[in-house]
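If you want the building blocks of each chain, they are given just below.
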Amino acid sequence: MIKSRFYVTTPIYYVNDAPHIGHAYTTILADVLSRFHRALGDDVFFLTGLDEHGQKVQQAAEKRGLSPQAHCDDLAPRFTDLWKKLGIFNDDFIRTTQERHKRIVRSILQKVYDGGDIYQKEYEGLYSVAEERFITEKEAESGQFREVKTIKEKNYFFKMSKYQDRLIKYIEDNPGFIRPEHRRNEMLGFLRQPLTDLCISRPKARLSWGIEIPFDPDYVTYVWFDALINYISAIGYGSDDVKFGRFWPGVHLIGKDILTTHSIYWTTMLFSLDLPLPEVIFAHGWWLMGESKMSKSLGNVVRPLDLIEQHGVDAVRYYLMSEMNLGADANFTPENFIKRYNSDLANDFGNLLNRVSGLIAKNHGGIIPDAGVATLAEEDVASAGRALGPKVEGLIRDYKVDEAINEVMNLVRQVNKYMETQAPWKLAKTDLPAAGRVLYTATEALRLSAVLLKAVMPEKVATVLSILGVPDSGLTWGELKSGVALPSFPALFPRIEVEKKA
RNA sequence: CGCGGGGUGGAGCAGCCUGGUAGCUCGUCAGGCUCAUAACCUGAAGGCCGUACGUUCAAAUCGUACCCCCGCAACCA
């Protein structure tokens, strides 16, 4: 079987930010996809990391009386610790202040400069002294910025405009490149206007915490030029050709807020470097809190850690993956979380495991019974089970995680129905082998469902599979072994009881 | 007319491309079962598919117009 390559990235998060549900979502999504692809036998590489340069870091460090690097080193664990707790299994973690990255950024700057795609020019723009950055005319009109004045500054520019037509054609020729599709349209719309060149430098006088431009020591490079390169510097561009050739191009998972930077800045940079464009740029939506946006001022920020502590990692992963569909925004409410947890995990999945194992303990001495000879009823379940793997694989390869999960849950629901119609608790009184056949079939379907949910809920599924005595089983129908003793176990997903309001 | 997405039973969504019994999850109500985490199963109520025209034997599905919501409109991580 020919393996596919699957190189998946998250954005590198700004180290100064407090990790929130959005960061967690993208990272879990990347983790789930990479675990699925790994299980499918693909050659997987999963990268995430931190963006550590820029003004905010510099200022925050100054405030604390630390060097910027010490400040970053101090903050980085907020992310890495969270990823550990969320069960994130990444292959590499890049920080833009690492020498391996800076070296490549400098060499790329030099290469692009030598290739004639970087030039210097005087830039005149509106500058907010209070904010210490250039602002757009729109922003100036908004009146949100104080001490605005026009200043002139010499800077380096990247010839983004040069690649506009090529980019338009590329996007038109590759329908699956920017996803979901309405984002692709958005970018094509954006590209109908002429692109201007991208300012990629900052004078050190204004900003010193960055990567020095190799051909002009008075400047550091603009954060995006620095940050985007992480996607290739981490996998060996300019340092390990074999590794780079093995994984590039990759799949970029991003929030919809940074679609332009990825689909325009990054792609034109790659054109200039004469490298293939990413396989996919996937812009997912945002988590809204009830009716409003999540924001610190509203005090409705959901802290992933709180949720994990209350309900466990896997429940959080399951919720985030099943509730957000494709590129749309999703709503996060505690009520929603509890509803989905209870109905899917506690009532359907967890309770079904309890039903079958309880019956096996009661009527079959706690030993997984023989599969027996399948009747039409068993054949229905088995054929659904056999079809499920390929179906889920197709959906995962198409980034439809929520639909994939739903397909698995459909099998679980079908098994609950099957139990009801076959009633093994009644059968046991008259025809014990028939009852065993039903329980074997139900348990096997449950095992298969668990295997397919492994990427989403690694811990819980490992528990289930070890209870069933087949920790390393796969997607073939019938891998469940008869004659194996089932241990007793506490409820897998205890129901969350909510006090009813009067 | 800047560009784009969307308006489907109480909630969230699918269906629209390739017209022809309006589907799924949750919620509500009734019943069943009693192996199970008060869970599971069955059934029911509830929709003029944003509005108005048009094309067609037939439109949620195609066309036109309008109304409403949302995203994008760049150097901002």
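Residue indices begin from 1 for each chain and proceed along its sequence in written order. Going through the entries in the order they are written, you letter the chains from A and number the ligands from 1. Where local features are concerned, this predicted model is filtered to residues with pLDDT of at least 70; where side-chain atom pairs are given and counted, the filter is 80 or more; whole-chain, interface and lining totals use all residues. Excluding hydrogens and water, the side-chain values take into account all heavy atoms of the structure.

Quick word on helix 19 (residues 458–467)
Phase 1: Each residue's exposure class comes from its accessible area (1.4 Å probe, protein chains only) as a fraction of the maximum for that residue type: buried when under 20%, exposed when over 50%, partly exposed otherwise. Here a strand is any run of E in DSSP of at least two residues, a helix any run of H or I of at least four, and the numbering for each starts at the N terminus. Taken together, the buried positions of helix 19 are occupied by Pro458, Val461, Val464, Leu465 and Ile467.
Phase 2: In what follows, residue pairs with any heavy atoms lying within 4.5 Å of each other are defined as contacts. Where helix 19 is buried, its residues contact helix 1 (21–39), helix 13 (313–323), helix 14 (334–363) and helix 18 (432–453).
Phase 3: Where helix 19 ends, the next residue or the one after it, Gly469, has phi of about 80 degrees, a positive value.

A few points about the nonpolar core
Phase 1: In plain words, nonpolar cores are sets of buried Ala, Val, Leu, Ile, Met, Phe, Trp, Tyr and Cys residues tied together by side-chain atoms within 4.5 Å. Residues Trp83, Leu86, Leu320, Met321, Phe349 and Met419 are the most contacted members of the largest nonpolar core, which totals 104 residues.
Phase 2: Ranked by the residues each element gives to this core, the list is headed by helix 18, at 13 residues.
Phase 3: If we ignore the near neighbours within four places in the chain, the residues touching Met419 are Leu352, Arg355, Val356, Leu359, Pro424, Trp425, Val438, Leu439 and Ala442.
Phase 4: The next biggest cluster of nonpolar side chains, apart from the first, holds 57 residues, and it includes Ile171, Leu198, Tyr222 and Tyr237.

With respect to the pairing of strand 12 (residues 251–255)
Each regular strand shows side chains that alternate between the opposite faces of the sheet.
Phase 1: For strand 12, a buried count of five out of five residues is recorded, marking the element as mostly surrounded by other parts of the structure.
Phase 2: Going residue by residue along strand 12, you find Val251, Leu253 and Gly255 tucked away on one face and His252 and Ile254 tucked away on the opposite face as well.
Phase 3: Both strand 12 and strand 13 (residues 280–284) contribute to a ladder of five bridges, which runs parallel. Bridging across to strand 13, Val251 finds its partner in Val280.
Phase 4: You can see the chain leave strand 12, run along helix 11 (residues 259–273) and come back into strand 13, and the turn it takes is right-handed. Paired strands, in this sense, are two strands between which DSSP finds at least two bridges. Think of it like this: strands point away, you trace from the first strand over the helix to the second, and a clockwise trace means the crossover is right-handed.

Quick look at the environment of Asn325
Phase 1: Inspection of the secondary structure assignment puts Asn325 in the loop between helix 13 and strand 16 (330–332).
Phase 2: Assessed through its relative accessible area of 37%, Asn325 is described here as partly exposed.
Phase 3: Distance in space between the C-alpha atoms of Asn325 and Val401 is 7.7 Å, their sequence separation being 76 residues.

So, the sheet that holds strand 9 (residues 201–203)
Phase 1: Ordered by their spatial adjacency, three strands build an open sheet running 9-11-10, and the pairing between neighbours is antiparallel. Two strands bound the open sheet, and with one partner strand each, they are strand 9 and strand 10 (212–213).
Phase 2: One ladder, built from two bridges, connects strand 10 with strand 11 (residues 216–221); its direction is antiparallel. Along strand 11, the bridge assignment pairs Ile213 with Asp216.

Here we look at the sheet that holds strand 2 (residues 43–51)
Phase 1: Reading across from one edge, 3-2-1-12-13-7 is the order of the six strands in this open sheet, with parallel pairing throughout. Every other strand in the sheet has two partners, leaving strand 3 (92–95) and strand 7 (178–179) as the edge strands with one partner each.
Phase 2: In this sheet, strand 3 lies alongside strand 2 in parallel orientation, the contact comprising four bridges. Each bridged residue has a counterpart across the sheet, and for Thr48 the counterpart in strand 3 is Phe93.

Re the packing of aromatic side chains
Phase 1: Aromatic contacts are taken between Phe, Tyr and Trp rings whose centres are within 6.5 Å, Trp giving its six-membered ring; a plane angle under 30 degrees counts as stacked, one over 60 as edge-to-face, and the others as tilted. For the coordinates displayed, the defined rule picks out 24 aromatic pairs.
Phase 2: Relative to Phe157, the ring of Tyr119 lies with its centre 6.0 Å away and its plane at 25 degrees, an arrangement referred to as stacked. Taken together, the residues span a long stretch of sequence, with Tyr119 in strand 4 (residues 118–128) and Phe157 in strand 6 (residues 148–158) at a distance of 38 residues.
Phase 3: For Tyr119, a relative accessible area of 24% corresponds to the partly exposed category.
Phase 4: Of the residues examined, Phe157 reaches a relative accessible area of 3% and is grouped as buried.
Phase 5: Both rings, one in Phe349 and one in Phe493, keep their centres 6.5 Å apart while their planes meet at 70 degrees; by these two values the pair is edge-to-face. Taken together, the positions of Phe349 in helix 14 and Phe493 in the segment after helix 19 put the pair 144 residues apart, joining distant regions of the chain.

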